[in-house]
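What the coordinates show
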Amino acid sequence: MLADNKVWVAVNDAGERIYLEPKYANRHGLIAGATGTGKTVTLKVLAESFSSMGVPVFMADVKGDIAGIADPGKDSEDMQKRIERFGLSEEGFGFEGYPVTFWDIYGEKGIQLRTTISEMGPLLLARLMDLNDLQADILSIVFKIADDNNLLLIDTKDLKAMLNYVSENNKEFEAEYGKMSPQSIAAIVRALVALEVAGGDKFFGETALNITDWFTFGSNGKGMINILDSESLINNGKLYSTFLLWLLSELFERLPEVGDMDKPKMVFFFDEAHLLFNGAPKALLEKVEQVVKLIRSKGVGVYFCTQNPRDIPDGVLAQLGNKIQHALRAYTPSDQKAVKAAADSYRENPAFNTFDTILNLGTGEAVVSFLQDGGVPGMAEKAYILPPQCSFGSIDDSRRDSIVKGSMLYSKYYDTVDPDSAYEFLLRLGVEREEAAEAARAEAEAAKIKEKEEKEAAKAAEKAEKEKEREKAREEAAKKRAAQSVGNAVTGTVGREVGKQFGKKFGKFGKTLGGNVGASLGRGLFSTLFRSK
């Protein structure tokens, strides 16, 4: 809770208050501890305080019990003991709920939360789809091709259409973008289908989240506490962690530089933080470290919540100036080494042994170190965390539903919008190409038909010409035969007449001789007449 314009988090063994200075709250922090040691209560106490300060908050609700922050807590004998123990009544402690907006990637227990494929980017998307290095490089190239051609990648069908388009037209892109094997692209498509099955078809699309919608306030100027329902989402660790990392990246890219402020512009709680770093490639780890280092100047405080500090890479852990360490258990030599590493990360307090203290902390107890004046780490202190003013438990479905539908943002994100993007463009392009191909096929077919008809016409003309020549030849032959008949008749007539005349003068011999001479004369005469014709 707030006291003296500071975040009052706990009291130490001496009953002294332990505060988190608002101006150092954006120096990030760590909340660690084994299951059941009180991390959730600590998260609620911090979130309440930031909200009361007018600072918007983001939290992931992994177990469903964070949602109770929307309702006031209930009085009980145990609570009265706590109030008395911490002297809370002197500060006007009272049970109250806080302004809450529920979000859900699946749209079931909160306002539908979406982003676009383009905004997620190839690096995070490659991790989300568990691609190898080669496939991740190809995915980056596909994003580049889409960008060069002004094609929007909004949802999974856009990316799928783009992948298939690149695969089908691989030769066209090879010279400029390099070789991309169809087999690798097919593997990316299969991974994309698996992502759709895991909920990616709902998560990617419009209307996409406008991160500025989280910088809102509730009644009395309290910062809005944005809660992501993660009970189902946590089953897909990569989707959960990749989405939260995207949120951090969005905050980093969208917010302006503000330098040091009296209080943060927003505080981001990253629960189950180990999921972010499990199996993360080097490029992604470098991106996380860069974002954590630089987002402080944007006025955003990031608090990682995990079971063991060793879940956080050293490069990130070094950026976390505010630490709340709940109990750790050391059942193995490896566990003891982890506890020792956690203890060694605190500024030593000569009043107690930090290692032993961490091992023996009870529920609601912690070793705490916050940044002090000048940004110097405070000395480790054994502390007792304050109780929250909100409900310890969760809320029922009817209460959740009323909060969700009562939000001004509910209608803005309720409907899914399918804009004209890569899928629609490539669909039209495919239709146009098919129509052009069909026209080309029809033209080619018409040309073939015309060519066939021309060949058949030429054959018919040739056949007619040959038939004409044959007819002419037949006519010539007929003329010759007719002429021959006439000739024969003339020859016989002349021969007989000459023979008859010779026979009268020279007898039988003369008749024969005259017939031959007459026939010769007839043939010659006919031949002369025929040639002249």
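Report on the accompanying structure. (Residues numbered from 1 in each chain as written. Predicted model: local features only at pLDDT ≥ 70, side-chain atom pairs only at ≥ 80, totals over all residues. Heavy atoms only, no water.)

**Section: helix α8 (residues 237–254)**
Because an α-helix completes one turn every 3.6 residues, residues spaced three or four positions apart along the sequence face the same direction. The terminal C-alpha atoms of α8 lie 26 Å apart, and with 18 residues this matches the ideal 26 Å at 1.5 Å per residue to within 8%. A large share of α8 lies buried, amounting to 15 of its 18 residues. (Helix = DSSP H or I, 4+ residues; strand = E, 2+ residues; numbered from the N terminus. Expected span 1.5 Å × (residues − 1). Buried < 20%, exposed > 50% of the residue type's maximum accessible area, 1.4 Å probe, protein only.)

**Some details on the packing of helix α4 (residues 133–148) against helix α5 (residues 156–168)**
In the contact formed by α4 and α5, the axes pass within 10 Å of each other and the chain directions differ by 95°. Taken together, α4 and α5 sit at an angle that is classed as roughly perpendicular. For the pair α4 and α5, contact is made by Leu139, Val142, Phe143, Ile145 and Ala146 and by Leu159, Met162, Leu163 and Val166, respectively. Its residues assigned to classes, the contact of α4 with α5 comprises 9 nonpolar, no polar and no charged. (Axes fitted to C-alpha atoms, helices over the stretch in contact; angles between N-to-C directions. Parallel < 35°, antiparallel > 145°, perpendicular 65-115°, else oblique. Contact = heavy atoms within 4.5 Å. Nonpolar A, V, L, I, M, F, W, Y, C, P; charged D, E, K, R; others polar.)

**Quick notes on the pattern of salt bridges**
Should the charged atoms of two oppositely charged side chains come close, the side chains can pair. Evaluation of the coordinates by the stated rule reveals 28 salt bridges. Of the charged contacts in the structure, one is a salt bridge between Lys222 and Glu96, with a shortest N-O distance of 2.2 Å. Highlighted residues: Lys222 in the loop between α7 (182–203) and β8 (225–229) and Glu96 in the loop between α2 (77–86) and β6 (100–104), separated in sequence by 126 residues. Residue Asp130 pairs with Lys238 through a salt bridge whose shortest N-O separation is 2.9 Å. Placement of the pair is Asp130 in the loop between α3 (117–128) and α4 and Lys238 in helix α8, with a sequence separation of 108 residues. For Lys238, a relative accessible area of 27% corresponds to the partly exposed category. Linked through salt bridges whose partners overlap, the residues forming this network are Glu467, Arg470, Glu471 and Arg474. (Salt bridge = Lys/Arg side-chain N within 4 Å of Asp/Glu carboxyl O.)

**A word on the pairing of strand β2 (residues 6–12)**
Of all 7 residues in β2, 6 are buried, a share of seventy percent or more. In the sheet, strand β1 (residues 2–3) pairs with β2 via 2 bridges, with the strands oriented antiparallel. If you follow Leu2 over to β2, its bridge partner there is Val7. Between β1 and the antiparallel strand that follows it, β2, lie 2 residues; Asp4 among them carries a positive phi value of about 55°. As paired strands, β2 and strand β3 (residues 17–20) are joined by 4 bridges and run antiparallel to one another. Bridge pairing links Trp8 to Tyr19 in β3. Alignment of β2 against strand β13 (residues 381–385), held across 3 bridges, turns out to be antiparallel. In the sheet register, Ala10 faces β13, and the bridge partner there is Ile385. (Pairing = 2+ DSSP bridges.)

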